[in-house]
Amino acid sequence: MSLSRSSRAVLVAVALVFTASAWAGAASMTDAQLVATRQAKMKEDGAILKGAKTLTGADAVAAATKILANFTAFPGLFRPSSITPDSRATTKIWENWADFTARLAEEKANAQAMLAAAKSGDKAGYLAAVDALKQPCSNCHLAYARIL
Ligand code: HEC
């Protein structure tokens, strides 16, 4: 089945509206709000991953969906120089933006694999994706955050 030109135009318009509203969300935030939001999402990822291996079915799908949404949001939540006294981010992030966002994209791909495995009930693939997600966390923190 192929989409008509007009339905393709509608899909593009819808995608643009979603992209624009996601941007407006982060763009209208103060630095303090950006820091609080990205810290909360980081913490949430950690909490979910801690118990993720025992999850199955809809719970596993929900966990993967949340982590995927968080890693999709992170690039927009690290606006240049958005560092406050509460933030543990370092300015190296914006000096090495391509590397930083590549690391986030890698985690997004791992979250997509976790979600696909959760949906298809592929237990081994699911467990492997959870392990793959856990690996890059501390590597990135060592490079870009003042976290032990
Ligand atoms: C691409 C780099 C990167 C990756 C990958 C990454 N983090 Fe982070 N993380 C950061 C940065 C930068 C901060 C500091 C944010 C701030 O304080 O402004 C942070 C902060 C945190 C914090 C502290 C939040 C707080 O309240 O201070 C936790 C917990 C955390 N990350 C968990 C994780 C987990 C779990 C993963 C892996 C699933 C992960 N992070 C992957 C860059 C990353």
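Residues numbered from 1 in each chain as written. Predicted model: local features only at pLDDT ≥ 70, side-chain atom pairs only at ≥ 80, totals over all residues.

Participant: Help me get a handle on the overall build of the chain, residues and values and all.
Facilitator: Across its full length, the chain carries six helices and zero strands. The order of α-helices and β-strands along the chain, N terminus first, is α-α-α-α-α-α. Taking all 148 residues of the chain together, 22% fall into the buried category. Pairs at least 24 apart in sequence give 70% of the contacts found in the chain among residues at least 6 apart. (Helix = DSSP H or I, 4+ residues; strand = E, 2+ residues; numbered from the N terminus. Buried ≥ 20, exposed ≤ 12 C-beta atoms within 10 Å, placed from the backbone. Contact = placed C-beta atoms within 7 Å.)

Participant: Any chance you could break down the site of the ligand for me, citing the residues and the numbers?
Facilitator: The immediate surroundings of the ligand are formed by 23 residues, with Met-42, Gly-46, Ser-87, Cys-137 and Cys-140 found nearest. Put simply, the parts of the chain that give the shell around the ligand at least two residues each are helix 2 (31-51), helix 5 (97-120) and helix 6 (123-144). Tallying contributions element by element places helix 2 first for the shell around the ligand, with eight residues. (Near = placed C-beta within 6 Å.)

Participant: Explain the packing of helix 3 (residues 57-77) against helix 5 to me, and be specific about the residues and the numbers.
Facilitator: Where helix 3 meets helix 5, the axes come as close as 8 Å, and the angle between the chain directions of the two elements is 160 degrees. Judged by the angle between their axes, helix 3 and helix 5 are roughly antiparallel. Crossing hand, helix 3 versus helix 5: left-handed. Facing Ala-60, Val-61, Ala-64, Thr-65, Ile-67, Leu-68, Phe-71, Thr-72, Phe-74 and Pro-75 of helix 3, the residues of helix 5 in contact are Thr-101, Leu-104, Glu-107, Lys-108, Ala-111, Gln-112, Met-114, Leu-115, Ala-118 and Lys-119. Along the lines of polarity and charge, the residues of the contact of helix 3 with helix 5 split into 13 nonpolar, four polar and three charged. (Axes fitted to C-alpha atoms, helices over the stretch in contact; angles between N-to-C directions. Parallel < 35°, antiparallel > 145°, perpendicular 65-115°, else oblique. Left-handed = near helix turned anticlockwise from the far one by under 90°. Nonpolar A, V, L, I, M, F, W, Y, C, P; charged D, E, K, R; others polar.)

Participant: How would you sum up unusual backbone geometry? Please name residues and give values.
Facilitator: Phi at Ser-81 takes a positive value of approximately 65 degrees, unusual for a residue other than glycine. In this fold, Ser-81 is placed in the loop between helix 3 and helix 4 (92-95).

Participant: How would you explain the environment of Ala-109 if you had to name every residue and give the values?
Facilitator: Looking at where Ala-109 falls in the secondary structure, it is placed in helix 5. A sequence separation of 24 residues divides Ala-109 from Leu-133, and the C-alpha atoms of the two residues are 9.0 Å apart.

Participant: Describe the packing of helix 2 against helix 3, with residues and values.
Facilitator: Where helix 2 meets helix 3, the axes come as close as 10 Å, and the angle between the chain directions of the two elements is 150 degrees. Judged by the angle between their axes, helix 2 and helix 3 are roughly antiparallel. Of the two possible hands of crossing, helix 2 and helix 3 adopt the one that is left-handed. Of the residues in helix 3, those in contact with Leu-34, Thr-37, Arg-38, Lys-41, Glu-44, Asp-45 and Ile-48 of helix 2 are Ala-63, Lys-66, Ile-67, Asn-70, Ala-73, Phe-74 and Leu-77. Across the contact of helix 2 with helix 3, the residue classes break down as seven nonpolar, two polar and five charged.

Participant: Please set out helix 6 residue by residue, giving values where relevant.
Facilitator: Here helix 6 contains 22 residues, and its C-alpha end-to-end distance of 33 Å stays within 8% of the 32 Å for a straight helix at 1.5 Å per residue. The complete set of buried residues in helix 6 reads Tyr-126, Ala-129, Val-130, Leu-133 and Tyr-144. The buried side chains of helix 6 occupy one side of the element, clustering within an arc of 100 degrees when seen end-on. Exposed and facing more than 90 degrees away from the buried side of helix 6 are Ala-124, Gln-135, Ser-138, Asn-139 and Leu-142. In this structure, the buried side of helix 6 is in contact with helix 2, helix 3, helix 4 and helix 5. (Expected span 1.5 Å × (residues − 1). Arc of directions from axis to C-beta.)

Participant: Break down helix 5 for me, citing the residues and quoting the values.
Facilitator: The end-to-end C-alpha distance of helix 5, which contains 24 residues, comes to 35 Å, matching closely the 34 Å that a straight helix rising 1.5 Å per residue would cover. All of the buried residues along helix 5 are Phe-100, Glu-107, Lys-108, Asn-110, Ala-111, Ala-113, Met-114, Leu-115, Ala-117 and Ala-118. Packing partners of the buried residues in helix 5 comprise helix 3, helix 4 and helix 6. Looking one or two residues beyond helix 5, the residue adopting positive phi is Gly-121, at roughly 75 degrees.

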